[in-house]
Structure formats: C-alpha cells, structure tokens
Amino acid sequence: MTSDDFSPAGAAIVADGVRRRYAGGFEAVAGISFSVAPGELFALLGTNGAGKTSTVELLEGLARPDGGSVRVLGHDPYRERAAVRPRVGVMLQEGGFPSDLTVTETLRMWAGCTSGARPSAEVLDLVGLAARAGVRVKQLSGGERRRLDLALALLGRPEVLFLDEPTTGLDAEGRRETWRLVRELREGGTTVLLTTHYLEEAETLADRLAIMHQGRIVTSGTVAEVTAERPARIRFALPAGVPAARLPLALRAAVDGRRVDIRTHALQESLHTLLSWAGDADVELIGLDARSASLEEAFLDIARTQHTEKERVTA
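A brief look at the structure comes next. All of these numbers come straight from a predicted model, not from anything done at the bench. (Residues numbered from 1 in each chain as written. Predicted model: local features only at pLDDT ≥ 70, side-chain atom pairs only at ≥ 80, totals over all residues. Heavy atoms only, no water.)

1. Comments concerning helix α9 (residues 267-281)
Taking 1.5 Å of rise per residue, 15 residues should cover 21 Å, and α9 covers 21 Å from first to last C-alpha, within 8% of that figure. Where the residues of α9 are buried, they touch β10 (232-237), β12 (259-264) and β13 (286-291). After α9 finishes, the residue D282 shows a positive phi value of roughly 55°. (Helix = DSSP H or I, 4+ residues; strand = E, 2+ residues; numbered from the N terminus. Expected span 1.5 Å × (residues − 1). Contact = heavy atoms within 4.5 Å.)

2. Some details on the sheet that holds β12
Pairing in this open sheet of 4 strands is antiparallel, and the strands run β11-β12-β10-β13 from one edge to the other. Since the sheet does not close on itself, it has two edges, and those belong to β11 (253-256) and β13, each with one partner. Ignoring strand direction, the axes of neighbouring strands in this sheet form an average angle of 10°. As judged from the 6 bridges shared by β10 and β12, these two strands associate in the antiparallel manner. Counted as the bridge partner of F236 is V260 from β12. Here α9 sits on the sheet and contacts β10, β12 and β13; the angle it forms with β10, its principal contact strand, is near 20°. (Pairing = 2+ DSSP bridges. Axes fitted to C-alpha atoms, helices over the stretch in contact; angles between N-to-C directions.)

3. Concerning the side chain of R186
Along the polypeptide, R186 turns up in helix α6 (residues 172-187). Owing to a relative accessible area of 18%, R186 belongs among the buried residues under this scheme. Here L205 takes part through its backbone oxygen, which lies 2.6 Å from a polar atom of the side chain of R186. Those residues in contact with R186 that sit more than four places away from it in its chain are G39, L41, L205 and D207. (Buried < 20%, exposed > 50% of the residue type's maximum accessible area, 1.4 Å probe, protein only. Polar contact = N/O pair within 3.5 Å; in protein donor to acceptor, adjacent residues only side chain to side chain.)

4. Observations regarding helix α3 (residues 103-111)
All buried positions along α3 are accounted for by V103, T104, T106 and L107. All buried residues of α3 project into a common sector of 160° when viewed along the axis, lining one side. (Arc of directions from axis to C-beta.)

5. Some details on the layout of surface pockets
Looking at the largest pocket, its volume works out to about 340 Å³. Around the largest pocket sit 21 residues that line it, and R85, V90, M91, L92 and W110 are the ones nearest its centre. Elements with a contribution of two residues or more to the lining of the largest pocket: α2 (81-84), β5 (88-91), α3 and α5 (142-154). Of the voids in this model, the second largest pocket is the one considered here, and its volume is about 200 Å³. Around the second largest pocket, the lining is made up of 13 residues, and of these R85, V88, W110, C113 and T114 lie nearest the centre. Only β5 and α5 provide two or more residues apiece to the lining of the second largest pocket. The class makeup of the residues in the lining of the second largest pocket is 8 nonpolar, 4 polar and 1 charged. (1 Å grid on protein atoms, 1.4 Å probe; cavity = no way out; pocket = protein on both sides within 12 Å on 5 of 7 lines; lining within 4 Å. Points joined across faces, edges and corners; volume = space filled by probe spheres on them. Nonpolar A, V, L, I, M, F, W, Y, C, P; charged D, E, K, R; others polar.)

6. Side note on the packing of aromatic side chains
Under the definition given, this model contains 1 aromatic pair. Residues F34 and F42 carry aromatic rings whose centres are separated by 5.0 Å and whose planes lie at 5° to one another, so their mutual orientation is stacked. Look at F34 and you get buried, because its relative accessible area is 2%. (Phe/Tyr/Trp six-rings, centres within 6.5 Å; stacked < 30°, edge-to-face > 60°.)

7. Some remarks on the sheet that holds strand β4 (residues 67-72)
With antiparallel pairing, the 3 strands of this open sheet are ordered in space as β2-β1-β4. Each of the sheet's edge strands pairs with one partner strand only, and the pair in question is β2 (27-36) and β4. Neighbour-to-neighbour, the strand axes of this sheet turn through a mean angle of 20°, independent of strand direction. Looking at chain direction, strand β1 (residues 13-21) and β2 are connected through 7 bridges and run antiparallel. In the sheet register, I13 faces β2, and the bridge partner there is V36.

What follows is the structure in structure tokens.
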C-alpha cells in the first residue's frame, strides 16, 4: 500500500481497519483500510472469496462492521442510513425486478422511493434502453437487465456510485458504452467504487485500485504503480541455426525450442541490449513483442504468490 492510499481527510469513502466475521468465526474482511477521494474511480479487485462483496456491503450500509469503521460522505452508512442513502447509487450484482412490469413501470416504481429522481426517459437514454421502455422485464436479455440495474442506480443523481460487476452479461459494444458513461459520471464529479472480474475494465477506468486476497489488501495504488512491481516481458523466436546460447549473458532468458521469453525490471535497457546484439549479429528476432506488465499479469502473479505462501504456511 502506498502512503497516499489511506488519507481520510475530505474523502468520500473511508474504510479504517474494517473487519467482518460470519457464523463460525470466519473472517471475510480482516482489517483493511483505504479511502476514495471525491470524484475518483476506485476499483476493488480480488480472487473469488477475497472479501470484495463483504467489503462493499459494509460500505453500502447493508451490514455493520465487526471491527473498525466505515464512512461514506462523512457518515456511518449503517447507523446514519437516512443521511447517506439519498446521496448514493447502488448497482448490485443482480437486481430483483418484478418480471411482469415494463422497464418504464419499474423505473417509476423505483423513482417513488428516490429523492430528486431523474425523468425515466432521461435515465433510459443514458443507459441505452430508450427503445425498450415498453418491454416487460422478463423479456429483456441478460445484458439489458444489467443496463436496467445501472439505470436504477443512476436515478437519484448519486454523489457516490457503487458498481458491483456492472458489465457482466454485456457484449463488447455494451461494455464499452457503459465504460463511456462511467467516465462521464466521474468527470462530472461522481465518486465511483467498482468491483469487476474484467481486469481490462479496471485497467481502463480506475484512477486507483486495491487487490484483495483472503480478506486483506495485498497491494494498492494506481495501475502503473501496481504493474511496476512486476517484470516486463520480451518475447521472440530465433531463426533456425541461431542457438539461444548466443544471446547476451546479461539477459536472463527462458528458452523453449526457438521461442525466447525474457522477464526484466529494466525494459528499455534490456531491449536496447537485445536489439544491439541482434543488429551486430545480423539476427532477425521473429515476432518480437516487448511490453510492460499488464494488470492481468500482476493480478495472476499476486494470486500465485499468495497461494504458494498459504501452502508453505500450512505444510
């Protein structure tokens, strides 16, 4: 965790030493701390069972923490729900809509419980459901139901928006349209807390993120900060007749036949060494691909490391 990841003064969302236990003593959230600045998009990532949903439920005020404290817009979202709820939008992983109501009827029903609700036509246009306004909920596709979930979350013009797996079930076009809308909301000053299994989604949208594992935050920061901890990758194939033993000794390479995989924390320096050697030796590097670590690689590396450590401790 970087030094800026927990700075509660003026934050829109604050989790301070938060714990959540279930029956039998299982601790799903084991003392995590982070804050989200106003107008920031913060992604909470983790493996299955990492504690993301349990954490988000505490932030939404659906449960009370067993330790530590939570603040949303300066209030305890559980004890001061009346002060927080009108200013917050929540998109759950799965909504429970009356299947025989139309899309518009569902919005009107929800609007009756929402302070300062947007007009139905406006919010349907925002999420791309205007053409489906008169369709019954049971006739919507899975992706269209997710758009309706988002419409209900946006109905009250929230200052803080919780998005729990918002693009599950959407096709590629629908996912990118949702990303565009989320960016516009953030640019308009809405604070967004996002959970997602799509790492590309977090990499594209998040100002900062945290990765959870077994109830704890194991790393956090900007995407660049999180990926910088992992090595960059250079891959290529050598021409027939050029043995990998001819590669510069400074490059630590893994070789599989003619395929070469180099991992490095100094991408520019390593690439310069490799290209200088190839130029001097008149060797073509077939399919050369060099790139910094992706968020997916960082995530998988963290998951593998934590799993290995668990096996070592329990051995």
